[in-house]
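# Geometric and topological summary
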Amino acid sequence: MTPTERAALFRFTYPESDSSWIIIDGFNKGSSVKIIPSERKVVGWCRNNHGGVPSNFCNYFVITFDRDFREHHTWNENILNSNDLEEEGEHVGAILGFSTSKGEKVNMRVASSFISEEQALLNLESETGGMSFEDIKIRAKDIWNAELSRIKVEGGTDDQMRTFYSCLYRSLLFPRKFFEKNSKGDIVHYSPYNGQILPGYMFTDNGFWDTFRSQFPFLTLMYPDLNSQIMQGLVNTYLESGWLPEWASPGHRDCMIGSNSASLIADSWLKGIRDYDIETLYEAILKNTDSVGPVSSVGRLGADYYNKLGYVPYDVGINENVARTLEYAYADFCIARLAEALGKPQEEIALFRNRAMNYKNVFDKESKLMRGRNLDGSFQSPFSPYKWGDAFTEGNSWHYTWSVFQDVEGLVSLMGGKKGFTEMLDSVFTVPPVFDYSYYGQVIHEIREMQVMNMGNYAHGNQPVQHMIYLYNYAGEPWKTQFHIREVLDKLYNWLPDGYCGDEDNGQTSAWYVFSALGFYPVTPGTDEYVFGSPLFKKATLSFENGKKMIIEAPDNSRDNVYVGGISLNGKKIDRNYIRHSELQSGGRLKFDMQNSPNKTRGTSEESYPFSMSRE
Ligand code: CA
């Protein structure tokens, strides 16, 4: 088979037989088929879904063949209806038979639409019309080659190349395009929110809880045009449903936590991507800050408590309360930044800047960790930093304590200064890989993955901890970032079927690899900084949509030379531990001098530290 965006061509090769079959399965939860022998065609629809969509949700399909059917039948559940051309029910399908000589090929074209049968036919015509299987195959390959060529890496092993491009490929698979082009060539979509056919973009299948971290920042860096379309899609989602889609699949789904759309939107706008209605998105973000949505992932569960007390209490029946507090506080930082850029009133900016400091309310000085806090102000007791879930989301306190993207400097202070802070970072790797799974009642796969990785309580197989290694850059020990990043790049990823150490999650775990292999990572989306790590390749060339190229060089890179001795940008030495978005996008040369032992003085001065609110 070979694909286009909304269609696919299949080529079946048969032995010599008078019984060469193709079975069309409309799937359960409601389907229909209609065989039209004179047109060598089968059309139908399937309604299969897992909730969260309007009652008229339907995937229409059209299938055409390059030859007449020798025989044809329909089926309904387990009943064969040989004389029928149409079937509709809970689970129906069709059977098509051909007589074939040895090696004979039957070609089949399939397209689908969420709008109508006519639109499915239009998608088939516009995307595959007049093209052979080989034509489509060559075109698909060319399209992927062009996308994967936006970043060219050189000087690694074959396995490193395979892993890098596998990760880059997966970084680009989500969110899915849920829009189609009508007969006039206009962009239209079926709304998975109100069931209407409406103009404009729509994207789906994305959990922002995962992807705000680096997959969306990857799109803002390398795919600003697509990012702009996605923002237009967010505007439509808000207009059609009254909410931002925190976990669209394809409608609002009750999955994970947070209000992380604020990060995506602020990051996009502040990085200069502007072709969408930001005022509507700003209104939508503000609505999130004081509303509980129709499902727990939408809006902010516990918003009243959070806005009044500065945290979501542990003992008021709202789960994952510390995780919610930390993610709301970071979202509030993003809102403050966006409000500033949009020229909103000073009081509004100040309100969200203050709320961005709410992370302090769930920090426990005694354990130096984030910990559940009761309504009366006391901390949860008993408390185990090894307990997964409960106050946290698919992680424990060791993972969530670092979710202060907006103010790492403030977290350093809470931990008693740089020494205390880096000791706590070190501890994540040196504590035993033990865990308390009592909240879930079973060892969830994220826990098992951490145990198998055997890096203490470092749990790269899930998202909350993924930026943690970069935080040594905020406390004078960037060489530890370099060491651990290379460990993770080498040990926890490969290009084989078991190439991930946990959930890939809409490209987030892949985007981590792509950024980290290039030598930097967006620790704080909503700022213009990418924090340095240790690049994996001797050379990487980034071709941006603005036509500029950034060449990243590390000629002495090797398995042993994982430490950064010095960094220069366009021939000028820089001591800081980050590079700006505008610097990357301006193109030029970023050079890393690699060596086999830590340079314990580079990047250690206060001026070299990346952004923190406490430094502003
Ligand atoms: Ca995950």
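The structure this text deals with has already been given above.
Quick look at the structure, then. All values reported here derive from a predicted model rather than from experimental measurement.

### Quick notes on the nonpolar core
Within soluble globular proteins, side chains that are nonpolar tend to cluster in buried spots. Core analysis: the largest hydrophobic core is formed by 129 residues, its most contacted members being Phe520 and Leu542. Sorting elements by how many residues they give to this core places helix H10 (residues 321-341) first, with 11 residues. Sequence-distant contacts of leucine 542, defined by excluding residues within four places in its chain, comprise Arg150, Ile151, Leu221, Met222, Leu518, Phe520, Lys548, Lys549, Met550 and Ile552. Grouped together as the second largest cluster of nonpolar side chains are 18 residues, Phe69, Val106, Met108 and Val110 included.

### What to know about the sheet that holds strand E23 (residues 529-532)
Read from one edge of the open sheet, three strands run E22-E23-E28, paired in antiparallel fashion. Edge positions in the sheet fall to strand E22 (520-521) and strand E28 (578-580), since each of these pairs with one other strand and no more. Here three bridges tie E23 to E28, and the two strands are oriented antiparallel to one another. What sits directly across from glutamate 529, in E28, is arginine 580.

### Brief notes about helix H11 (residues 346-355)
Taken as a whole, H11 has its buried residues at Ile349, Phe352 and Arg355. When H11 is viewed along its axis, its buried side chains cluster within an angular range of 130° and face the same direction. H11 presents Gln346, Glu347 and Asn354 as exposed residues on the side facing more than 90 degrees away from its buried surface. Buried positions along H11 lie against helix H8 (278-289), helix H9 (303-309) and H10.

### Section: empty space enclosed by the protein
By the definition in use, this model includes four cavities of 30 Å³ or more. What the largest cavity holds in volume is close to 90 Å³. Phe203, Thr204, Phe208, Ile230 and Leu234 are the residues nearest the centre of the largest cavity, which is lined by 13 residues in total. Broken down by secondary-structure element, the contributors of at least two residues to the lining of the largest cavity are strand E17 (203-204) and helix H6 (224-241).

### Thoughts on the packing of aromatic side chains
What the rule picks out here adds up to 38 aromatic pairs. Residues phenylalanine 65 and phenylalanine 98 carry aromatic rings whose centres are separated by 5.9 Å and whose planes lie at 40° to one another, so their mutual orientation is tilted. With phenylalanine 65 in strand E6 (residues 59-65) and phenylalanine 98 in strand E10 (residues 92-100), this residue pair connects regions lying 33 residues apart in the sequence. Members of the aromatic cluster, connected to one another through ring pairs, are Phe218, Tyr470, Phe515, Phe520, Tyr521 and Tyr530. Arginine 47 extends its terminal NZ or CZ atom over the ring of tryptophan 45, reaching a point 4.7 Å from the ring centre. Sitting above the plane of the phenylalanine 611 ring, arginine 337 keeps its charged end 5.1 Å from the centroid.

### Some details on the sheet that holds strand E12 (residues 151-154)
Strand order in the open sheet formed by six strands is E12-E24-E25-E29-E26-E27, with mixed pairing between adjacent strands. Whereas interior strands pair on both sides, the edge strands pair on one side only; in this sheet they are E12 and strand E27 (572-574). Neighbour-to-neighbour, the strand axes of the sheet open up by a mean angle of 20°, direction not taken into account. Two elements, strand E25 (residues 549-553) and strand E29 (residues 588-595), share four bridges in a ladder whose sense is parallel. Counted as the bridge partner of glutamate 553 is lysine 591 from E29.

### Regarding the packing of H6 against helix H7 (residues 261-270)
Geometrically, a packed helix pair is captured by the angle between its two axes and the distance between the axes. Running from amino to carboxyl end, H6 crosses H7 at an angle of 135°, the nearest separation of the two axes being 11 Å. When the interaxial angle is binned, H6 and H7 end up oblique. For the element pair H6 and H7, the recorded crossing hand is left-handed. From H6, Asn227, Met231 and Leu234 reach across to H7, where they touch Leu264, Ile265 and Ser268. Classifying every residue of the contact of H6 with H7 gives four nonpolar, two polar and no charged.

### Considering the packing of helix H5 (residues 215-222) against helix H17 (residues 508-518)
In the contact formed by H5 and H17, the axes pass within 8 Å of each other and the chain directions differ by 55°. Considering their axes alone, H5 and H17 lie oblique with respect to each other. Counted together, Gln215, Pro217, Phe218 and Leu221 of H5 and Gln508, Ala511, Val514 and Phe515 of H17 form the full contact between these two elements. Within the contact of H5 with H17, the residues separate by chemical class into six nonpolar, two polar and no charged.

Rules and cut-offs
Residues numbered from 1 in each chain as written. Predicted model: local features only at pLDDT ≥ 70, side-chain atom pairs only at ≥ 80, totals over all residues. Heavy atoms only, no water. Core = buried A, V, L, I, M, F, W, Y, C linked by side-chain atoms within 4.5 Å. Buried < 20%, exposed > 50% of the residue type's maximum accessible area, 1.4 Å probe, protein only. Helix = DSSP H or I, 4+ residues; strand = E, 2+ residues; numbered from the N terminus. Contact = heavy atoms within 4.5 Å. Pairing = 2+ DSSP bridges. Arc of directions from axis to C-beta. 1 Å grid on protein atoms, 1.4 Å probe; cavity = no way out; pocket = protein on both sides within 12 Å on 5 of 7 lines; lining within 4 Å. Points joined across faces, edges and corners; volume = space filled by probe spheres on them. Phe/Tyr/Trp six-rings, centres within 6.5 Å; stacked < 30°, edge-to-face > 60°. Lys NZ or Arg CZ within 6 Å of the ring centre and 35° of its normal. Axes fitted to C-alpha atoms, helices over the stretch in contact; angles between N-to-C directions. Parallel < 35°, antiparallel > 145°, perpendicular 65-115°, else oblique. Left-handed = near helix turned anticlockwise from the far one by under 90°. Nonpolar A, V, L, I, M, F, W, Y, C, P; charged D, E, K, R; others polar.

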